[in-house]
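Residue-level listing of the chains:
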Amino acid sequence: MIPYYGDPGYLIDAVDSVRKQTVSDWELTVVDDGYPGRVVADHLVSLGDSRIEYLRNSERLGPNGNTYKCSRLGRRELLCTMNADDLLEPKYVEIVSGHFRDQSVVAVQPGVTVVDENGGVGDSLADRVKRVISARPRSRGTIEGEAGVRSLLAGNWLYTPSLTYRAAAVVDIPFHEGIDAIHDLAFVVDLLLGGGRIAIDPAPAFRYRRHGASDSSTRARDGRRYDQEQRYFREIALQLRLRGWARAARAADLHVFSRLHALKVAVEMATAGDLSGARAMVGRMLS
């Protein structure tokens, strides 16, 4: 599934990467959230590929709503909801599908290469931090239970658009309204709360595009991302305490890497001369 809104060129490249899979037994649905024009619709029709379906929402759902809708539309046993500006490596389906022979696995995190706006390999501070905080769980090969939830709430080191899920496991995942910036983390935490295991495979299979025009980057700069994160962390901490997972709840209370990210944005704003914005961001970080 591809929840789509944005540059048609990125989407066309994403679809092309799906069509280049070494395994041909797949279906792709592009769900257009009302992006102006017919470039994407016309392109998909021109491909003449019966495995590809195009749908257009009658009203905008936003990133969270459209991604959630996509999670409900899959018709296959396995489900991936990749971003419209990301790319699959040719062996993506081949790599991730093998892990689902283990019936306890509900999702697979494959190896990810981060690229910039132009497709060049990047290595941002955020990605270096992800490598550091994911070293221990990756060495185990799977995450599950309270330890897995605690790891992700301390700092979300997954690249969630790259994950493939067991479709049956996501059916009962609830929709979390008003947390567009962190809905992907909430989705995975709910899977772990349901008793599932996530397999970690280092084989490079996915290209994740990180760029300043992305929705998450925009939300980070104007503060919405941190407001949404704090609201989610408060809610999940309460839920975890009711379950008796005190250590995971404490990780939600502290959300260290979320605070550090806010500090980074504050420094960038101050450097650019936006002192009032920087002070507001520091206030969010300390709250």
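Our structure is the block above this text.
Because the structure is predicted, anything quoted here is derived from the model rather than measured. (Residues numbered from 1 in each chain as written. Predicted model: local features only at pLDDT ≥ 70, side-chain atom pairs only at ≥ 80, totals over all residues. Heavy atoms only, no water.)

Another aspect to go through is the layout of surface pockets. Considered as a void within the structure, the second largest pocket measures approximately 510 Å³ in volume. Those elements that place two or more of their residues in the lining of the second largest pocket are β2 (28–32), β4 (78–80) and α4 (92–97). At 4 residues, α4 tops the list of elements feeding residues into the lining of the second largest pocket. Residues of the lining of the second largest pocket, tallied by class, amount to 15 nonpolar, 4 polar and 5 charged. (1 Å grid on protein atoms, 1.4 Å probe; cavity = no way out; pocket = protein on both sides within 12 Å on 5 of 7 lines; lining within 4 Å. Points joined across faces, edges and corners; volume = space filled by probe spheres on them. Helix = DSSP H or I, 4+ residues; strand = E, 2+ residues; numbered from the N terminus. Nonpolar A, V, L, I, M, F, W, Y, C, P; charged D, E, K, R; others polar.)

We now examine the nonpolar core. Counting 39 residues, the largest nonpolar core has Leu 153, Tyr 232 and Leu 240 as its most contacted members. For this core, the element with the highest residue contribution is helix α8 (residues 183–193), accounting for 8 residues. Discounting chain neighbours no more than four positions away, the residues touching Leu 153 are Leu 185, Val 189, Tyr 232, Phe 233, Ile 236, Leu 240, Ala 248, Ala 251, Ala 252 and His 255. Among the nonpolar cores identified, the runner-up in size contains 29 residues, and Ile 95, Val 96, Val 114 and Ala 199 belong to it. (Core = buried A, V, L, I, M, F, W, Y, C linked by side-chain atoms within 4.5 Å. Buried < 20%, exposed > 50% of the residue type's maximum accessible area, 1.4 Å probe, protein only. Contact = heavy atoms within 4.5 Å.)

What follows is about α8. Within α8, 10 of the 11 residues are buried, which leaves the element mostly enclosed by the surrounding structure. Looking only at α8, the buried set comprises His 183, Leu 185, Ala 186, Phe 187, Val 188, Val 189, Asp 190, Leu 191, Leu 192 and Leu 193. Among the residues trailing α8, Gly 195 stands out with phi positive, at a value near 95°.

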